[in-house]
Amino acid sequence: MFATYLIGLREGLEATLVVSILVAFLVKSQRRDRLPQVWAGVGLAVVLSVFFGWLIEYTSTSLLSRSEDRELFEAITSVAAVVFVTWMIFWMRRAARTIAGELRGKLTEALAVGSFAVAGMAFLAVVREGLETALIFYSAAQGAAGDSGPLLALVGGIVTAVVLGVLLYASALRINLSTFFTWTGALLILVAAGILKYGVHDFQEAGVLPGLNDLAFDITGVLDPTTWYAALLAGMFNVTPAPTVLETIAWIGYAVPVLLLFLRPARRKPAPAPTTTVTERGADTGTEAEAEAATTPQRA
């Protein structure tokens, strides 16, 4: 359940931060009249995300009659969820510093177009997080059929994210978002490794991949599946005491290189050397002076 709580917290906080940026910009710009359109777009995104989650579950449980088809469907959604998780955590690390400015710029353009543009901009900004959450939750909660725990954990994570977002917006709480997204990103990589391992197992059960009975190791005597800590490891990262060879290769082959790439310190781009132009008298004119002259209004 911790894995689904983490998914709800991470995705929920990203969506909450996006909404708070939009709301703060409208409030500071004295455009409160556009807030209803923002909330309408956010509400539509939430409804579509819930419908998408229901559609995935309905497809798996009702539309697919053969067990092999269900296993194959779950395997494909698992791989898709891993792709989305990987893209999301690396995108957030790269765009965290510029996302506020980009959102403000897009919202400014939407305000110039009209109400539908504002609602559409808010919808697109939130629906990506919602669709990702639905897909990742479905993949992470596989094997927990009939258990409401994962769903409650997801809702708990989203509620926690909303509370944190409101406190951040009200400046009642200050957290280091860079550190938060780094730690949650690393944990989500391990969760994604477990989802990929589960997907490989489904491919094996569907007959697409071989080696269903070829175990890499069996440490059941050490890691008893009936213990609470074994259940915790299985629920969080899909670490099981008797995985197949392909499952083990998939887990390690994804988790190790992706973690190393994610935790590798970002290279800072060196500041570009100021270019100069030589005037007829041989004097140097710096680019900063040129920029200042270009942006300074001319007096009559």
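Residue positions within a chain follow its written sequence, with the count starting from 1. Only residues with pLDDT of 70 or above have their local features reported here, since the model is predicted, and side-chain atom pairs are shown and tallied only from 80 upward, although totals for entire chains, interfaces and linings are computed over all residues. Side-chain numbers here rest on the full set of heavy atoms in the structure, without hydrogens or water.

A. Layout of the overall build of the chain. Working definition: helices are DSSP H or I runs of at least four residues, strands are E runs of at least two. Numbering for both runs from the N terminus. For the chain, the helix and strand inventory stands at 10 helices and two strands. In the chain, the succession of helices and strands from N to C terminus is α-α-α-α-α-α-α-α-α-β-β-α. Only protein chains enter the accessibility calculation, which uses a 1.4 Å probe; a residue is then buried when its area is under 20% of its type maximum, exposed when over 50%, and partly exposed in between. Sorting the 300 residues of the chain into buried and exposed places 41% on the buried side. To measure how exposed things are, a 1.4 Å probe is used in the Shrake-Rupley method; for residues, cover is taken only from the protein chains shown. Here the chain displays about 17,300 Å² of accessible surface, and carbon together with sulfur accounts for 66% of that area.

B. Here's a closer look at helix α5 (residues 115-140). To estimate the expected span of a helix, count its residues, drop one, and scale the result by 1.5 Å. Here α5 spans 37 Å end to end across 26 residues, near enough to the 38 Å set by a 1.5 Å rise per residue. To get the bend at any residue, fit one axis to the seven residues that end at it and another to the seven that begin at it, then take the angle between the two axes. Most pronounced at V127, the bend in α5 amounts to some 30°.

C. Inspection of the packing of helix α1 (residues 2-28) against helix α7 (residues 177-205) at higher detail. Axis angles are defined between N-to-C directions and span 0 to 180 degrees, where every axis is a line fitted to C-alpha atoms and, for a helix, only to the segment in contact. α7 packs onto α1 with a crossing angle of 140° between their chain directions and a minimal axis gap of 10 Å. The angle between the axes of α1 and α7 places the two elements in the oblique class. Note that α1 runs across α7; the crossing there is left-handed. Residues F2, A3, L6, I7, L9, R10, L13, E14 and L17 of α1 form the contact with α7, whose own contacting residues are L177, F180, F181, T184, G185, L187, L188 and V191. We call Asp, Glu, Lys and Arg charged. Ala, Val, Leu, Ile, Met, Phe, Trp, Tyr, Cys and Pro are nonpolar, and the rest, Gly among them, are polar. When the residues that make up the contact of α1 with α7 are grouped by side-chain class, the tally is 13 nonpolar, two polar and two charged. With respect to orientation, any angle under 35 degrees is reported as roughly parallel, any angle over 145 as roughly antiparallel, any angle of 65 to 115 as roughly perpendicular, and every other angle as oblique. Helix crossings fall into two classes, left-handed where the near helix is turned counterclockwise from the far one by less than a right angle and right-handed where it is turned clockwise. In this analysis, two residues are considered to be in contact whenever any of their non-hydrogen atoms come within 4.5 Å of each other.

D. Focus on the nonpolar core. Definition of nonpolar core: a set of buried residues of the types Ala, Val, Leu, Ile, Met, Phe, Trp, Tyr and Cys, connected through side-chain atoms within 4.5 Å. By size, the foremost hydrophobic cluster in this structure holds 37 residues, and its most contacted members are L22, L103 and L107. Among the elements of the structure, α1, α2 (35-63), α3 (67-95), α4 (99-113), α5, α6 (149-169) and α7 are those that each provide at least two residues to this core. Take this core: its biggest share by element is 12 residues, from α1. Excluding residues within four positions of it along the chain, L22 makes contact with L103, L107, M121 and A122. Counting residues in hydrophobic clusters, the runner-up holds 33 residues, among them A81, I136, A141 and L190.

E. Local environment of the environment of A15. Tracing the backbone through its elements, the reader meets A15 in helix α1. For A15, a relative accessible area of 13% puts it in the buried group. Residues A15 and I158 lie 143 residues apart in sequence; the distance between their C-alpha atoms is 9.6 Å. Residues within four places of A15 in sequence aside, it is in contact with V126 and E129.

F. Representation of the packing of aromatic side chains within the structure. The pairing test for Phe, Tyr and Trp rings, Trp by its six-membered ring, is centres within 6.5 Å, and the orientation test on the planes gives stacked under 30 degrees, edge-to-face over 60, and tilted for anything in between. Taken as a whole, this structure holds six aromatic pairs when the rule is applied. When the ring of F90 is compared with that of F262, the centres are 5.8 Å apart and the planes differ by 90°; the resulting orientation is edge-to-face. On the criterion of sequence distance, the pair formed by F90 in helix α3 and F262 in helix α9 (residues 245-263) is long-range, its members being 172 residues apart. Of the residues examined, F90 reaches a relative accessible area of 21% and is grouped as partly exposed. A residue is classified by how much of its surface remains accessible, and F262, at 4% relative accessible area, is buried. Both rings, one in F180 and one in F181, keep their centres 5.3 Å apart while their planes meet at 75°; by these two values the pair is edge-to-face. One exposure class covers both F180 and F181, and it is buried.

G. Spotlight on the packing of α1 against α2. Interhelical geometry of α1 versus α2 gives an angle of 170° and a closest axis separation of 10 Å. It follows that α1 is roughly antiparallel to α2 by the angle criterion. Each of V19, V23, L26 and V27 in α1 lies in contact with α2, whose residues at this interface are L35, V38, W39 and V42. A breakdown of the residues in the contact of α1 with α2 according to their chemical character gives eight nonpolar, no polar and no charged.

H. The arrangement of unusual backbone geometry in detail. A positive phi angle, near 60°, is found at Q30, a position not held by glycine. One can find Q30 in the loop between α1 and α2. With relative accessibility at 66%, the residue Q30 sits in the exposed group.

I. Summary view of the side chain of K197. Along the chain, the position of K197 falls in helix α7. Residue classification places K197 among the buried positions, given a relative accessible area of 5%. Think of a polar contact as two N or O atoms within 3.5 Å of one another; within protein, one of them needs to be a possible hydrogen donor and the other a possible acceptor, and neighboring residues in sequence only count if both atoms come from side chains. A distance of 2.9 Å separates a polar atom in the side chain of K197 from a polar atom in the side chain of T240.

J. Geometry of α7. Here α7 contains 29 residues, and its C-alpha end-to-end distance of 41 Å stays within 8% of the 42 Å for a straight helix at 1.5 Å per residue. Immediately downstream of α7, the backbone of G207 shows phi near 85°, a positive value.

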